[in-house]
Amino acid sequence: MLCKFVGQIKTFEFELFSQHKVEFENGNVVFDYVLRVKHAGGEEWILIELKDYEDLSMLAPQAQSFAHECRQYAKKYPESRVHQVLLIDETDQALPPSLTQECANNKIHLQTYLYFRLL
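Residues numbered from 1 in each chain as written. Predicted model: local features only at pLDDT ≥ 70, side-chain atom pairs only at ≥ 80, totals over all residues. Heavy atoms only, no water.

A. Quick look at the overall build of the protein chain. In terms of helices and strands, the protein chain carries 4 helices and 5 strands. Taken from the N to the C terminus, the helices and strands of the protein chain come in the order α-β-β-β-α-β-α-β-α. The burial tally for the protein chain puts 37% of its 119 residues in the buried class. For the protein chain, contacts bridging at least 24 residues in sequence account for 52% of all contacts bridging at least 6. Taken as a whole, the protein chain presents about 7,500 Å² of accessible surface, with 51% of it coming from carbon and sulfur. (Helix = DSSP H or I, 4+ residues; strand = E, 2+ residues; numbered from the N terminus. Buried < 20%, exposed > 50% of the residue type's maximum accessible area, 1.4 Å probe, protein only. Contact = heavy atoms within 4.5 Å. Areas by Shrake-Rupley, 256 points an atom, 1.4 Å probe, with all protein chains shown as cover.)

Written out as structure tokens, the structure is:
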């Protein structure tokens, strides 16, 4: 679905990476998906984490961990603009306030699979 979505991009040069491994001084991080977009203004990286949990209380700690990894990435590549997307599965339960707060505090774009299907 993500490949189909980014395949609609015609204006900019882009690359989509799956299970993108990045090495840092203190170890490695693997991002589920990374979209690299090149345009006249520079280069932007969209780091995407996919989560499907039955226990919704696990999402806020995962968002915090993801934000930390994204900060490491941005620090390693300061010349690139970095965007963070946490993509979660649909749930019939309300999302925990701790998750939405964690995402807001860390400038993580929180989306659901349904949102991407609609696009």
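B. Layout of the nonpolar core. If you look at the biggest cluster of nonpolar residues, it comprises 19 residues, and the most contacted ones within it are Phe-31, Leu-47, Tyr-73, Leu-86, Leu-99 and Ile-108. Sorting the residues of this core by element identifies strand 1 (13-24), strand 2 (27-39), strand 3 (42-51), helix 2 (59-76), strand 4 (81-88) and helix 3 (97-105) as the ones contributing at least two each. Take this core: its biggest share by element is 6 residues, from helix 2. Discounting chain neighbours no more than four positions away, the residues touching Tyr-73 are Val-22, Phe-24, Phe-31, Trp-45, Leu-47 and Val-82. (Core = buried A, V, L, I, M, F, W, Y, C linked by side-chain atoms within 4.5 Å.)

C. Geometry of the packing of aromatic side chains. Taken as a whole, this structure holds 5 aromatic pairs when the rule is applied. Between the aromatic rings of Phe-17 and Trp-45, the centroid separation amounts to 6.1 Å while the plane-to-plane angle is 15 degrees, which identifies the pairing as stacked. One end of the pair, Phe-17, is in strand 1; the other, Trp-45, is in strand 3, with 28 residues separating them in the sequence. Seen from their ring centres, Phe-31 and Phe-66 are 6.3 Å apart, and the 70 degrees between their planes marks the pair as edge-to-face. Here Phe-31 is found in strand 2, whereas its partner Phe-66 is found in helix 2, with 35 residues between them in sequence. For the pair shown, Phe-31 and Phe-66 are each scored as buried. An aromatic cluster is defined as three or more aromatic residues linked by ring pairs; in this entry it consists of Phe-17, Phe-31, Trp-45, Phe-66, Tyr-73 and Tyr-77. (Phe/Tyr/Trp six-rings, centres within 6.5 Å; stacked < 30°, edge-to-face > 60°.)

D. View of helix 3. Along helix 3, the positions that sit buried rather than exposed are Leu-99, Glu-102 and Cys-103. Burial along helix 3 is one-sided: seen end-on, the buried residues are contained in an arc of 95 degrees. Seen from the open side of helix 3, the exposed residues pointing more than 90 degrees away from its buried face are Pro-97, Ala-104 and Asn-105. The inward-facing, buried residues of helix 3 contact helix 2, strand 4 and strand 5 (108-112). Taken from the residues just after helix 3, Lys-107 is the one with a positive phi, measuring 55 degrees. (Arc of directions from axis to C-beta.)

E. Highlighting the sheet that holds strand 5. Reading across the sheet, the 5 strands line up as 1-2-3-4-5 and stay open at both edges, with mixed pairing between neighbours. Edge strands, defined here as strands with exactly one partner in the open sheet, are strand 1 and strand 5. Here the strands of the sheet are splayed against their neighbours by 30 degrees on average, with no regard to which way each runs. Summarising the sheet, strand 3 and strand 4 pair through 8 bridges and their orientation is parallel. By the bridge assignment for strand 4, Ile-48 is matched with Val-85. Taken strand by strand, helix 3 contacts strand 4 and strand 5, and its axis lies near 135 degrees from that of strand 5. (Pairing = 2+ DSSP bridges. Axes fitted to C-alpha atoms, helices over the stretch in contact; angles between N-to-C directions.)

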